[in-house]
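Each chain is listed here by its residues.
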Amino acid sequence: ATIPQPIRDQLDEIQSLLFSLGADLAQPGCGIEKGTELRVGAKAIDKLTGWVHQWEQELPPLKEFVIPGGNVTAARLHRARTTCRKAERKTVEFCRSSGEGQQAIVFLNRLSDLLFLQARAANQADGIADVPWKPTETE
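Before going into details, it helps to say that this report is about the structure given with it. (Residues numbered from 1 in each chain as written. Predicted model: local features only at pLDDT ≥ 70, side-chain atom pairs only at ≥ 80, totals over all residues. Heavy atoms only, no water.)

**Points about helix α2 (residues 42-58)**
What counts is decided by this rule: Helix and strand definitions here come from DSSP, where helices need a minimum of 4 consecutive H or I residues and strands a minimum of 2 consecutive E residues; each element is numbered from the N-terminal end. Helix span, as expected, comes to 1.5 Å for every residue beyond the first. Throughout, exposure labels follow a simple rule: accessible area from a 1.4 Å probe, protein chains only, divided by the maximum for the residue type, with under 20% read as buried, over 50% as exposed, and the rest as partly exposed. Arc, as used here, means the arc of the directions from the helix axis to the C-beta atoms. Note on contacts: a residue pair qualifies if any of its non-hydrogen atoms lie within 4.5 Å across the two residues.
With 17 residues, α2 extends 24 Å from end C-alpha to end C-alpha; this agrees with the ideal 24 Å at 1.5 Å per step. Of all the residues in α2, the buried ones are Ala44, Ile45, Leu48, Thr49, Trp51, Val52 and Trp55. Angular distribution of buried residues about the axis of α2 spans 160°; they occupy a single face of the element. In this structure, α2 carries Lys43, Asp46 and Gln57 as exposed residues pointing more than 90 degrees from its buried face. On the buried face of α2, the contacting elements are α1 (5-26) and α4 (102-125).

**A short note on α4**
The terminal C-alpha atoms of α4 lie 35 Å apart, and with 24 residues this matches the ideal 34 Å at 1.5 Å per residue to within 8%. At the exit of α4 stands Gly127, carrying a positive phi of roughly 75°.

**Description of the state of the cysteines**
To be explicit about the condition: Two cysteine sulfur atoms make up a disulfide if the distance between them is within 2.5 Å.
Tallying each qualifying case throughout the model produces zero disulfides. Free of any disulfide, Cys84 has its nearest neighbouring cysteine sulfur in Cys95, separated by 16 Å.

**A few points about the nonpolar core**
A general feature of soluble globular proteins is that nonpolar side chains tend to end up buried together. Selection rule: Think of a nonpolar core as a cluster: buried Ala, Val, Leu, Ile, Met, Phe, Trp, Tyr and Cys residues, connected wherever their side-chain atoms sit within 4.5 Å.
Of all hydrophobic cores here, the largest spans 27 residues; its most connected members are Leu48, Trp55, Phe107, Leu111 and Leu114. For this core, the elements supplying multiple residues, two or more each, are α1, α2, α3 (72-98) and α4. Broken down by element, this core gets its largest block of residues, 11 residues, from α4. Non-local contacts of Phe107, meaning those with residues more than four positions away in its chain, are made with Leu17, Leu18, Leu21, Val40, Ala44, Ile45 and Leu48.

Written as structure tokens, this is what we have:
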């Protein structure tokens with residue numbers, strides 16, 4: 001599966017950010033010269049937000065929900081997105097019990113948005129259109 005270079009570049013950076021996020025959640029402030037400052041905070045969230053806005057400008061706007069799928073790259077990005085949503089839910093639980101992790105929740109939420117857009121972009125790069133969701137009619 002060919003991953004478009006802009007997506008590959010972003011994913012490389014995201015992998016490093018996720019390792020740092022794990023460290024923040026495991027032991028906030030550990031190994032940071034500036035005390036308890038988070039490794040993944042507002043700056044990382046702003047970076048993801050910028051990428052989200054970039055992809056939103058490059059992709060056709062959505063007027064309806066779409067079914068995940070398409071090429072192999074898009075399918076893998078959709079799977080990563082669902083894993084990210086699961087991590088977000090677990091982080092919400094952690095935050096409620098510990099008071100830690102609020103920035104991580106925002107980061108993971110933004111990341112899942114980005115992964116969805118990257119999946120759409122991967123499909124678009126292969127000429128695969130979004131498949132709209134058609135709700136099942138109930139009797």
